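Structural overview
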Amino acid sequence: MSTRVARACFGAWTLVLTIVYYAVPDAHLYSWAALGYSCAIAVLVGVRLNRPRRKLPWYLISIAIACFTTGDSAYNLIIALGGTPDFPGVADFFYLAFYPLLTAGLLMMIRARNSGDANRSALLDALVPTVGLGLLAWVYWIAPFTRSEHLSLMEKLVSIGYPLGDVLVLAMILRMFTGSGKRLDSVVTFGVAMVGLLISDVFYGQSQLNSAWALGGPVDMGWIVFYSAMGYAALRPAMTSLTSPIERPNPGMGSHRLFWLSTAALIAPGVLALEYMEGREAEIARGGVVDAPVIAGAAALMFLLVLARVADLAQSQRQAGSRERALREAGSLLFAAATEEDVTRAVKKAVARLMPADQPYHLQFLPPVEGLDAETAVRRIPAAELPDGFESGGFKHVVHATQRLSGHRTGRLVIGASDPVLHLLLPAFETLSSQIAVVLERIELTAEVSRREGETWFRTLIQSAADVILILDANGTIRYATPSAETLFAEDPTGSPLARLIADGSQEALREILFRIRSGVGDLDDIQLTGVRADGRTVEIECDLRDLRNDPSVAGLVVTLRDVTERRGLEKDLTHQAFHDALTGLANRVLLKDRLEQAFCVAERDGATLGVLFVDLDDFKEVNDTLGHAIGDQLLLAVAQRISENIGKGSTAARMGGDEFAVLVEQSDSVDAAEAVAAVLVEALSVPVEVTDGNGNKHMISAKCSVGVATNRDAETATELLRHADLALYLAKGNGKGGWQRYQSDLHTAMMQRLEMRTALHEAIEEEQFVLQFQPIVELVDQRITGVEALVRWEHPAKGLLGPYHFVEAAEESGAIVGIGSWVLREALRQFTQWKSENPETTLRYVSVNVSARQFRTADFAEQVRAALAETGARPQWLLLEITESLVLRDADQVLADLKALRAMGVRIAIDDFGTGYSSLSYLRQMPVDVLKLDKSFIDDILHSRQQHALVDAIVTLSHNLDLAVVAEGIEEAGQRAALDAMGCQYGQGYHFARPLWPGDIPALAVKPEPYPVRQQASV
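The following refers to the structure shown. (Residues numbered from 1 in each chain as written. Predicted model: local features only at pLDDT ≥ 70, side-chain atom pairs only at ≥ 80, totals over all residues. Heavy atoms only, no water.)

Time to look at the sheet that holds strand 7 (residues 524–532). What the five strands build is an open sheet, ordered 6-5-9-8-7; its pairing is antiparallel. The open sheet has two edge strands with one neighbour each: strand 6 (478–481) and strand 7. On average, adjacent strands in this sheet sit at an angle of 30° to one another, irrespective of strand direction. Where strand 7 and strand 8 (residues 538–548) come together, seven bridges link them in antiparallel fashion. Bridge pairing in strand 8 links glycine 531 to valine 539. The strands touched by helix 17 (residues 507–518) are strand 5 (468–472), strand 7, strand 8 and strand 9 (556–563); relative to strand 7, the strand with the most contacts, the crossing angle is about 145°. Most of the contacts of helix 18 (residues 565–579) go to strand 8, to which it runs at about 120°, and overall it touches strand 7, strand 8 and strand 9. (Pairing = 2+ DSSP bridges. Helix = DSSP H or I, 4+ residues; strand = E, 2+ residues; numbered from the N terminus. Axes fitted to C-alpha atoms, helices over the stretch in contact; angles between N-to-C directions. Contact = heavy atoms within 4.5 Å.)

Okay, the packing of aromatic side chains next. Evaluation of the coordinates by the stated rule reveals 19 aromatic pairs. Here the aromatic rings of tryptophan 32 and tryptophan 223 are separated by 6.4 Å at their centres, their planes lie at 75°, and the arrangement is edge-to-face. Of this pair, tryptophan 32 sits in helix 2 (residues 28–50) while tryptophan 223 is found in helix 8 (residues 220–235), placing the two residues 191 residues apart along the sequence. Aromatic side chains phenylalanine 832 and tryptophan 835 sit 6.4 Å apart centroid to centroid with 70° between the ring planes, which places their arrangement in the edge-to-face category. Here the residue phenylalanine 832 and the residue tryptophan 835 both occupy positions in helix 26 (residues 816–838), the gap between them amounting to three residues, near one helical turn. Taken as a pair, phenylalanine 832 and tryptophan 835 share a single burial class, namely buried. Put simply, the rings of Tyr21, Tyr22, Trp32, Phe68, Phe98, Trp223, Phe226 and Tyr227 pair up and form one aromatic cluster. Geometry around tyrosine 846 places arginine 908 over its ring, the cationic atom sitting 5.2 Å from the centre. Above the face of the tyrosine 991 ring, arginine 995 is positioned so that its terminal group lies 4.0 Å from the ring centre. (Phe/Tyr/Trp six-rings, centres within 6.5 Å; stacked < 30°, edge-to-face > 60°. Buried < 20%, exposed > 50% of the residue type's maximum accessible area, 1.4 Å probe, protein only. Lys NZ or Arg CZ within 6 Å of the ring centre and 35° of its normal.)

Counting 74 residues, the largest nonpolar core has Leu761, Val865, Leu881, Leu902 and Leu980 as the members making the most contacts within it. Element by element, the count of residues in this core is highest for helix 26, at ten residues. Setting aside residues no more than four positions away along its own chain, leucine 881 makes contact with Leu825, Val849, Val851, Phe861, Val865, Leu902, Val907, Arg908, Ile909 and Ala910. Listed in part, the 43 residues of the second largest apolar core include Tyr21, Leu35, Tyr75 and Val169. (Core = buried A, V, L, I, M, F, W, Y, C linked by side-chain atoms within 4.5 Å.)

It is worth spelling out unusual backbone geometry at this point. The backbone phi angle of aspartate 619 is positive, close to 60°, even though this residue is not glycine. Along the chain, aspartate 619 turns up in the loop between strand 10 (609–617) and helix 20 (620–627). Even without being a glycine, glutamate 768 presents a positive backbone phi close to 55°. If you trace the backbone, glutamate 768 turns up in the loop between helix 24 (745–767) and strand 17 (770–779).

The subject of this paragraph is the pattern of salt bridges. In this structure the tally under the stated criterion is 20 salt bridges. The salt bridge partner of glutamate 508 is arginine 511, with a shortest N-O separation of 2.9 Å. On the criterion of helical spacing, the pair formed by glutamate 508 and arginine 511 is a turn pair, its members being three residues apart in helix 17. Of the residues examined, glutamate 508 reaches a relative accessible area of 51% and is grouped as exposed. The class for arginine 511 is partly exposed, based on a relative accessible area of 48%. Here the salt bridges share partners, and the residues they tie into one network are Glu779, Asp782, Arg784 and Arg845. (Salt bridge = Lys/Arg side-chain N within 4 Å of Asp/Glu carboxyl O.)

Okay, structure coming up:
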């Protein structure tokens, strides 16, 4: 059975027993015994499965748990038989036996992990919190027992035994924590178990003191945690580490350990202060704090322990400084060594300086040997694991260091000493070992260089070189060539003139460099030439020349050649990639700007005209979103090809990024050339492009584009020319796309004004510069005001009151319309609610608010309406939202869902300016719409055009059949009102009834007129 399965089974079994224990009180005797003995058995099973190095500590822990459970079982059995357990009794014997057994097991684990060595730093770190917690145990746990008047001496001793045992066990756990370094392993689980045990013991002791103990309470959960954690820790494979030696942790003190030690050291004064504050009068009456001697003794002891720990840190610091000086001196000795014998003597002196003066040690350093394949490592190992040929000098452990050197050689070093010394000096030995390896490697390399100084080694190196080395005589004939020359030129060039190996295009350069070096100018490096192979293929070569004609061993010119064909090709590829678009192969932004700056300077000098076009595909994003980016890339390739084919040879096409291209038109005498190219591109790209998707399906995609044109006639710099072309493109996009527009100076002014307008709009929203006017909507029969339409106005700080004509378009483009619309909605509802509350008899039934398409398409528009209604206290039936036909006809499914959500709230919907867009009668039946608002253009000619009159009559009749109310906009004459009333149109608005009014003018108009018969029609 694997440990994973064992842990799962143990956990499930413990959970079941815990549930039974709390759910079935009558079974406490059996369920509690099963819990405890299961834990003891789990420890034994863990020992069998994981096979720790030392088993006795685990056996003692298992026996301790069994004793604890036996005491509980005896106690529970007496209660189950109807008796009262004696105190002290049999159960207390088993309870008290539990603590020394558990302490002995934990102490054995500590000694096993530390290999029997005393770790003074870890011991002091554990003692400080132990004394602090012991003080707490005395004041709040032990002392009450000693002062209890109803307990006998034996009862007091037994009662005191429990907290003393807990403090002892806690001390062992703290010692394990402080001596574990970063390898906590199962120590954390042990800590959890002991915390559970301590908590339950504390509450149990208090209950015994107050004679209020009862089985089955929450206090038992601490012992359950103890049982579960101990069993789980024993079943984990990591339990073997608790009895296995570990590296001694750093004796230094980290910030977290310093925090806990400081906290523990403050326990004594804290307890003293707490006792003083809680029992000041009573203690004064008794002559002072009762526990003052104990508190003072604990404080003094912790002070001494902290001083001892500080002394340890100071000593460690001094030892570290001494080791650092010894290592520097050892390094000086080693690096001065010239032979391996010198290294051996230097190692002996270095180890002698590192070792403490009063400590014996054993050193064995063997010269490097060949054929021993070992990794570079420094390890502390038992003496029994030493390789053959080494001795430990009688020490239990040694440091064994191996240094892997070149040539399959290995250096070996053994240092034997007492375990504390080895622990202390192991980092220094690691540094020393690395220094030895460096020195040995340096000595070997020095010897190797010396051996290769001979001619044989020199010739071998030359003939094996990848570079070609030629020696030329005075006439430029090749007298000697290395074997690599045949690889480079496909023949042995010895005896041939060097000029025969060089291409015609480099002959002049060759003659010049030979002349220069023969003239005594010195050595020449990195000369670029083109060579010719015997098979006629050219190669790019780089050469260095040395004039050694005066050297008797050479007596000629030494030419070193290397093949750089691949490097040159790579450089060309990289240069091309740096200046060209990876997808289309056109020039990129960097190359276009470089050529533009050069061309701009030439054009300025010659007085010529230079044109730049910015080309942007219309609706390219929809292609990527609907057909995918692969189809989009095909479209970009086709567009790039068409642009290149239609701009002329002297012009440069570039891709600026995304779906934006640019064209640098060649110089001409007028601006007509750039405009002609723009017209050609617009026409060429108006033809759809056929592309194929991954499934083989073909698609015809529009490649229509907008083009911005600019010339240097209107720009002072190349950068300004690019900016003008971009501005012209923006204007071309705004004029309906699919065309071209040339930059004009007034465009810049208009653009700046538009940008200023956008900025001012956002400031106006933040500063609440908008106000509302309201235009009445009346019943045509009796001209009673039944509703109002909210109309926004802008109180501009400088320009005064502005109507929507001045800012709505800019607000739509910038997105500010969403914020403005949200404000209008809330303000209109607030004002309408105020009117209704001030005059409940008012004839006003609703307020109509226009909603832009951009505002309506926000993801949470319905929730915004709901929040506005809740914020203003308005009823949903008071609100009529006006939307445009274009919004209804686009994204019909989403619009339908949003309209249904609004209708579900009780909000009504109107179609504004009906008949001015792509009118479709089908959506009137499908969409949840309540009102149609006829555009003013239908009303203007209703008295003079029979066709217009018939059209309006038909719309009104159709609306009545669909249960839709009709509001006629723009009524300016009495005749128009009478004609619409005769048709059956019930509502109207316009200057004939009232212009837009301020909020204060509305209540006086919204009063009930004299009764008048009306038709039964759909109402608003």
